[in-house]
Amino acid sequence: MKKSRVLATVFSLIAVMAIGLAGCSNSSKSGSNQQASFKNQTTKKADVKSTLTGTKQLWYVAGNVNAKSNSGLEAYRFDGNRATVYNIDKLYKSYSAAKKADALHKAGTLKATFTTKGSQTIVHFKGKLSGIPMTQTFTVKKTLTGTNKSTKLKVAGYHINRDVDDDVTHAVLMKVTKN
């Protein structure tokens, strides 16, 4: 009886390890060079700030890479320490594509401040959205890459904890990298 429990435990562990290794080998085959280099970046203050502000692309905030919402998504476009926030219906290949589709609905402009707390970068936002004063923070956790299933666009970005008025939710902050 004891011998059969030990054997069952050993076989269970081997099966779990085999499944884990198979998943690791499949995930390493997907993705582009741009995504791989993004994944290798750290989430230190300078890296996050330069990544967010170094481009005029839209940064989408959603529950996950494939989140769907009836009310649309929030998109942030950074210009130095300012972020313009838009309500947008879906992911677009570029800012110009969203503009051409007349999909950008400006909600407001926020001041962005980047700080480091321990090994985490925190982005503080303050300003008005739709005429209402607000503050929020994004605590950057780790990088992410993936493909949005509905648009088939490759994305890269960060897992974040989003704090709006002491209501913390897990979300992603992502940009389109390639189609």
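Treat the numbers as computed from the prediction; the structure is a model and nothing was measured.

Notes on the pairing of strand 2 (residues 73-79)
Moving on, step 1. As judged from the three bridges shared by strand 1 (residues 59-62) and strand 2, these two strands associate in the antiparallel manner. Each bridged residue has a counterpart across the sheet, and for Y60 the counterpart in strand 2 is A75.
Moving on, step 2. Pairing analysis gives seven bridges linking strand 2 to strand 3 (residues 82-88), with the strands arranged antiparallel. Each residue of the ladder has a partner; that of F78, found in strand 3, is A83.

Considerations on the environment of S50
Moving on, step 1. Inspection of the secondary structure assignment puts S50 in helix 3 (residues 45-53).
Moving on, step 2. Look at S50 and you get partly exposed, because its relative accessible area is 45%.
Moving on, step 3. Sequence separation between S50 and G80 is 30 residues, and the spatial gap between their C-alpha atoms is 9.3 Å.

Here we look at unusual backbone geometry
Moving on, step 1. For S130, which is not a glycine, the phi torsion comes out positive at approximately 55 degrees.
Moving on, step 2. Mapped onto the secondary structure, S130 falls in the loop between strand 5 (120-129) and strand 6 (132-148).
Moving on, step 3. In this model, D166 sits at a positive phi of 65 degrees, which is unusual for a non-glycine residue.
Moving on, step 4. Among the secondary structure elements, D166 is positioned in the loop between strand 7 (153-164) and strand 8 (167-178).

Some details on the side chain of T84
Moving on, step 1. Residue placement: T84 occurs in strand 3.
Moving on, step 2. Setting aside residues no more than four positions away along its own chain, T84 makes contact with A75, Y76, R77, K106, G108 and T109.

Let's talk about the nonpolar core
Moving on, step 1. The biggest cluster of nonpolar side chains holds 22 residues, and the ones touching the most others in it are L52, Y76, F78, F125 and F138.
Moving on, step 2. Ignoring anything within four residues of it in the chain, the contact list for L52 reads W59, F78, F114, V123, Y158 and L173.

Structural notes on the confidence of the model for the protein
Moving on, step 1. Confidence in the prediction for the protein averages 81 pLDDT; 74% of positions are at 70 or higher.
Moving on, step 2. Contacts of residues 20-33 to residues separated by more than four positions or lying in other chains number one contact, the stretch itself having pLDDT below 50.

Details of the pattern of salt bridges
Moving on, step 1. Considering all chains together, one arrives at two salt bridges under this definition.
Moving on, step 2. With a closest N to O distance of 2.9 Å, K56 and D79 form a salt bridge. One end of the pair, K56, is in the loop between helix 3 and strand 1; the other, D79, is in strand 2, and 23 residues separate them in sequence.
Moving on, step 3. A residue is classified by how much of its surface remains accessible, and K56, at 44% relative accessible area, is partly exposed.
Moving on, step 4. Salt-bridge contacts for E74 lead to R162; the nearest nitrogen and oxygen are separated by 2.5 Å. One end of the pair, E74, is in strand 2; the other, R162, is in strand 7, and 88 residues separate them in sequence.
Moving on, step 5. According to the relative accessible area criterion, R162 is buried, its value standing at 16%.

As for the sheet that holds strand 7
In any sheet, the strands associate via hydrogen bonds between backbone groups, in a parallel or an antiparallel arrangement.
Moving on, step 1. Strand order in the closed barrel formed by eight strands is 1-2-3-4-5-6-7-8, and the pairing between neighbours is antiparallel. Adjacent strand axes in the sheet meet at a mean angle of 35 degrees when their direction is disregarded.

Some details on the packing of aromatic side chains
Moving on, step 1. Going through the model one piece at a time under the given rule, you end up with seven aromatic pairs.
Moving on, step 2. Between Y76 and F125, the ring centres sit 5.4 Å apart and the planes meet at 45 degrees, which makes this aromatic pair tilted. You can see Y76 sitting in strand 2 and its partner F125 sitting in strand 5, a full 49 residues away along the chain.
Moving on, step 3. Judged by relative accessible area, F125 falls into the buried class, the value being 2%.
Moving on, step 4. Their ring planes at 45 degrees and their centres at 6.5 Å tell us that F78 and F114 sit as a pair that is tilted.

Criteria and cut-off values
- Each chain has its residues counted from 1, running along the sequence as written.
- For this predicted model, a pLDDT threshold of at least 70 governs which residues receive local features, and a threshold of 80 or more governs which side-chain atom pairs are given and counted, while totals over whole chains, interfaces and linings are taken from all residues.
- For side-chain calculations, the full set of non-hydrogen atoms in the structure is used, while hydrogens and water are omitted.
- We treat two strands as partners when DSSP finds at least two bridges between them.
- Counting from the N terminus, the helices are the DSSP runs of H or I reaching at least four residues and the strands are the DSSP runs of E reaching at least two.
- Three labels apply to residues, based on accessible area from a 1.4 Å probe with only protein chains included: buried if under 20% of the type maximum, exposed if over 50%, partly exposed otherwise in between.
- In this analysis, two residues are considered to be in contact whenever any of their non-hydrogen atoms come within 4.5 Å of each other.
- To form a nonpolar core, buried Ala, Val, Leu, Ile, Met, Phe, Trp, Tyr and Cys residues must be joined to one another through side-chain atoms within 4.5 Å.
- Each residue gets a pLDDT score, which is the predictor's confidence in that residue and runs from 0 to 100.
- Just to be clear on terms, a salt bridge is a Lys or Arg side-chain nitrogen sitting within 4 Å of an Asp or Glu carboxyl oxygen.
- Angular values range over 0 to 180 degrees, each being the angle between N-to-C directions of two axes fitted as lines to C-alpha atoms, with helices fitted over their stretch in contact.
- Whether two aromatic rings pair depends on their centres lying within 6.5 Å, for rings of Phe, Tyr and Trp, where Trp uses its six-membered ring; planes under 30 degrees apart make the pair stacked, over 60 edge-to-face, and the rest tilted.

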